[in-house]
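# Structure at a glance
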Amino acid sequence: MDKITDKLAALPPDSNYFSLEFFPPKTQHGFANLHARLSRMAQALRPLFVNVTWGAGGSTSAKSLALAELTQRSLQLTTCLHLTCTNMSRRLVDDALEQAKALGVRNILALRGDPPRSDEYRDDSGDQEALEADDSNKDFMWAVDLVRYIRKQYGDYFCIGVAGYPEGHSDQSHPEHQSVGHDMPYLVEKAAAGADFIMTQLFYDVEAYTRYERRLREHESGLFKTIPIIPGLMPVQSYQILRRTTKLSHAALPPDILKRLEAVKGDDEAVKRVGVDIITEAVETMKSIPNPGPRGFHFYTLNLEKVVTQILERSSLIPPATPIITMPYSNGGPDHAIAEEESDGFLIVERSKQNGNHRRGSSVKNSQPRNRVVVSRDRASSTSSTHTSAFEAPEDEAGVPRDQINSRANTLAISQGEGTVGREATWDDFPNGRWGDVRSPAYGEIDGYGVSLHASIPEANRLWGQPGSIGDISTIFRNHLEGKIDAIPWSEEALQAETLTIKQHLLALVEKGWWSVASQPAVNGKRSNDPVFGWGPKNGFVFQKPFVELFLPALDWEGLRVKLDADEQVTYFAGNAAGDFVSTDEHSVNPVTWGTFTGKEIITAPIIEAVSFRSWVEEAFGIWAEWQRVYKPGSESSRLLERVRKDYWLVNIIHHGYLEEHALWERLLGA
């Protein structure tokens, strides 16, 4: 398979191209569905290449390599594998490069990862000499070290990309250094060491990007005159995700963009529509920037399809299709063959069924669901008259392509959710992070980065100090609830307005030594444009079951569990760091938020079930371990956090009686 630089060299110099980025899903269901999604996107959109992310410290290494095998070998997509080099086994760097080569991957995006923290990540229980020898931080302190190593070991086999930061790299340990000028010497080093292209962090300030690219092209070193610089763009999937990602990446939101999104932030569909406009406008603006070669755009998909497809369609970035060809066909009759290009390397041919030079009007049977009634197969075959059947489509055929059609029109129809194929493509179009459906490729953290505090050591010390007792940890949770700090290790955000309506209940739980990390109040039919509880289109009503997710000591959990088991309105899921798990009903699926809107099916948002909870338990206790690493091994704070991690349970409790506003809290606080 080609290197990215070879593929760029084969393009016309004035052409445009795009690439897509995916992260390894957290669950097997998500991986299977991402396979289907990638197959569809590969055929319909034809990206020049795809990126596969790599978790901090190699935390997703096995899953990342499995996804790279899928994209490179199974789907024949030119693949660029991300690779970090700090805080991980030294052998893992070599293993990843060897496996990438074995898979046919010819492209590596060389990244540093988190700042080196050898002392915090060292396992004191093992052979210290061997562990020190296998510490990647000995050889790799910066991304340039990885670039040099790959070039030394593999020569020109790999095409190597490096990261660029149009607004400066945000190192939270030294925030005053976030500037393009501060980064420039490091980028010069990486280019001189053998980098083949630059891929930027996400941004929304196009003027800042324009200045950045101009500065690189005009740099006195001459290293950036012709090197491909690929801007990174993240489609707007939701207002909350936008604010979170820009906060974590320190990407600025220009006032005009923020104003447009603020105006519709309560309507998820409107946010997506405005977001498509914003990114499409950015693409069109950047197309006009003079460039020494083809102009590329890299899209951070978050493993979702609909929005990025709309942007690509509107920006005319999807490679053009071969025109329809009509040719004579002779086989004992006047039929004609109609050939349509819809996949690289072959034509789809259908013989006309009528005399004369008729062309097929549509390659999709029952492809107009707006004009037909979708009925069950049984009804279609047994109860429909000849007259009415013309206006009906069997449910298993509605919107199903008659052939493998990959036209722009069909791509757009799929992206808009039309027919069976469209619904399949966009069923998880409103991601909810770990509260979404575990079958979704987008389930879990939005960046696929793995377990992380999302805070540097200085920032962690500023926010949470050096806890020495259970009371100190309770104070941290109390301060977050009272707005005195804006983050805890499990959440980088201040409380939402709706959470403030149950703040007193959550504070009362803290007094019991029970620390909540997620919760929501009961809601019974609030308007969807309500400033506190509303979401979705403005012409609807929203509902919520109350729930709370909290850490509590094992002894307290034993007593609480007995009382919860006696309440038929309660469902709970509970787990600990040792892998123990209990539930009222392991097979239950619990939508806890839903909405009804004019002309739409009922929409469910957060879903709580055993598979998603168990995945989260592993991550949640992993965050305790990450927090512990902030402090010196053996210190009072380190020992305290280790004791808590080993003793406490994480419990999610749902009360199904959403008409009883205070029932959940009365049950817990009376326990």
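Residues numbered from 1 in each chain as written. Predicted model: local features only at pLDDT ≥ 70, side-chain atom pairs only at ≥ 80, totals over all residues. Heavy atoms only, no water.

## Describing the overall build of the chain
Rules: Strands here are runs of E lasting at least two residues and helices are runs of H or I lasting at least four, both read from the DSSP assignment and numbered beginning at the N terminus. Working rule for contacts: check all heavy atoms of both residues, and any pair within 4.5 Å makes them a contact.
If you tally the helices and strands in the chain, you get 25 helices and 24 strands. When contacts within the chain are restricted to residue pairs at least 6 apart in sequence, those whose partners lie at least 24 apart make up 72%.

## Considerations on helix H2 (residues 28-45)
Defined as follows: In this analysis, the expected span of each helix is defined as 1.5 Å times one less than the number of residues it contains. Residue exposure (1.4 Å probe, protein chains only): buried if accessible area is under 20% of the type maximum, exposed if over 50%, otherwise partly exposed.
Between its first and last C-alpha, H2 extends 25 Å over 18 residues, near the 26 Å set by a 1.5 Å rise per residue. Among all positions of H2, only Gly30, Leu34, Arg37, Leu38, Arg40, Met41, Ala42, Ala44 and Leu45 are buried. Phi turns positive one or two residues past the end of H2, at Arg46, with a value near 55°.

## Quick notes on the confidence of the model for the chain
Filter applied, for reference: Residue-level confidence of the predictor is what pLDDT reports, using numbers from 0 through 100.
Looking at the chain, the pLDDT average stands at 82 and 75% of residues meet or exceed 70. Here residues 322-374 is a poorly scored stretch, pLDDT under 50, and it has 101 contacts once near neighbours within four places are set aside; other chains count. Per-residue pLDDT stays below 50 along residues 395-406; that stretch engages in 53 contacts with residues further than four places along the chain or on separate chains.

## What to know about the pairing of strand S1 (residues 16-22)
As a reminder of what qualifies: The pairing criterion is simple: DSSP has to find at least two bridges between the two strands.
The element S1 is extensively covered by neighbouring structure, given that six of its seven residues are classed as buried. Sheet topology places S1 next to strand S8 (residues 295-300); six bridges connect them, and they run parallel. Note on S8: the bridge partner recorded for Glu21 is Tyr300. Where S1 and strand S2 (residues 49-52) come together, four bridges link them in parallel fashion. Bridging across to S2, Leu20 finds its partner in Val50.

## Considerations on the sheet that holds strand S3 (residues 79-83)
To be explicit about the condition: Axes here mean lines fitted to C-alpha atoms, for a helix over just the part in contact, with angles spanning 0 to 180 degrees between N-to-C directions.
Sheet architecture is closed into a barrel: eight strands sit in the order S1-S2-S3-S4-S5-S6-S7-S8, paired in parallel fashion. Between one strand and the next, the sheet's axes are offset by a mean angle of 25°, whatever the strand orientation. Where strand S4 (residues 107-110) lies against strand S5 (residues 159-164), four bridges are found, and the strand directions are parallel. Bridge pairing in S5 links Asn107 to Cys159.

## Some remarks on the packing of helix H4 (residues 90-103) against helix H7 (residues 143-154)
As a reminder, the rule being used: Geometric relationships in this document are graded by angle, where less than 35 degrees denotes roughly parallel, more than 145 denotes roughly antiparallel, 65 to 115 denotes roughly perpendicular, and other angles denote oblique. Should the near helix be turned counterclockwise from the far one by less than a right angle, the crossing is left-handed, whereas a clockwise turn marks it as right-handed. Think of it as three bins: nonpolar holds Ala, Val, Leu, Ile, Met, Phe, Trp, Tyr, Cys and Pro, charged holds Asp, Glu, Lys and Arg, and polar takes everything else, Gly as well.
Two numbers describe how H4 lies on H7: the axes approach to 12 Å, and their chain directions differ by 55°. As judged from the angle between their axes, H4 and H7 are oblique. For the pair H4 and H7, the crossing hand works out as right-handed. Counting all contacts with H4, which are made through Arg90, Val93, Asp94, Leu97, Glu98 and Lys101, the residues of H7 involved are Leu146, Tyr149, Ile150 and Tyr154. A per-class count over the contact of H4 with H7 returns six nonpolar, no polar and four charged.

## A look at the packing of H7 against helix H8 (residues 180-193)
Two packed helices can be described by the angle between their axes and the distance between those axes. Where H7 meets H8, the closest approach of the two axes is 9 Å, and the angle between their N-to-C directions is 5°. Overall, the two elements H7 and H8 adopt an arrangement that is roughly parallel. Here Ala143, Val144, Val147, Arg148 and Arg151 of H7 lie close against H8, whose contacting residues are Glu189, Lys190 and Ala193. Its residues placed into classes, the contact of H7 with H8 shows four nonpolar, no polar and four charged.

## Details of the packing of aromatic side chains
Quick note on the threshold: We call Phe, Tyr and Trp rings a pair once their centres come within 6.5 Å, taking the six-membered ring for Trp, and we label the pair stacked below 30 degrees between planes, edge-to-face above 60, and tilted otherwise.
Following the criterion strictly, the structure yields 23 aromatic pairs and no others. Note on Phe477 and Trp490: the rings are 5.9 Å apart at their centroids and 25° apart in plane angle, and the pair reads as stacked. With Phe477 in helix H19 (residues 470-481) and Trp490 in the loop between H19 and helix H20 (497-500), this pair connects stretches of sequence that are 13 residues apart. Both residues of the pair, Phe477 and Trp490, belong to the buried class.

## Comments concerning the environment of Glu21
For the record, the criterion: Nitrogen and oxygen atoms within 3.5 Å of one another constitute a polar contact, given that in protein one can donate a hydrogen and the other can accept it, and given that sequence-neighbouring residues count only through two side-chain atoms.
Within the secondary structure, Glu21 is located in strand S1. Residue classification places Glu21 among the buried residues on the basis of a relative accessible area of 10%. Separated by 277 residues in sequence, Glu21 and His298 place their C-alpha atoms 7.4 Å apart. Beyond its immediate chain neighbours, meaning those up to four positions away, Glu21 contacts Asn51, Thr53, His82, His298, Phe299, Tyr300, Thr301 and Leu302. In terms of polar contacts, Glu21 uses its side chain to reach the side chain of His82, at 3.4 Å.

## A word on the pattern of salt bridges
Stated precisely, the cut-off is as follows: Salt bridges are defined by distance alone: a side-chain nitrogen of Lys or Arg within 4 Å of a carboxyl oxygen of Asp or Glu.
One pass over the full model with this rule turns up 22 salt bridges. The partner of Glu213 in a salt bridge is Arg295, with the nearest N and O atoms 2.8 Å apart. Note that Glu213 is positioned in helix H9 (residues 206-217) and Arg295 in strand S8, a separation of 82 residues in sequence. One exposure class covers both Glu213 and Arg295, and it is buried. Between Glu511 and Arg478 there is a salt bridge; the shortest N-O distance is 3.0 Å. Pair noted here: Glu511 is in helix H21 (residues 503-511) and Arg478 is in helix H19, with a separation of 33 residues, a long-range link. Look at Arg478 and you get partly exposed, because its relative accessible area is 21%.

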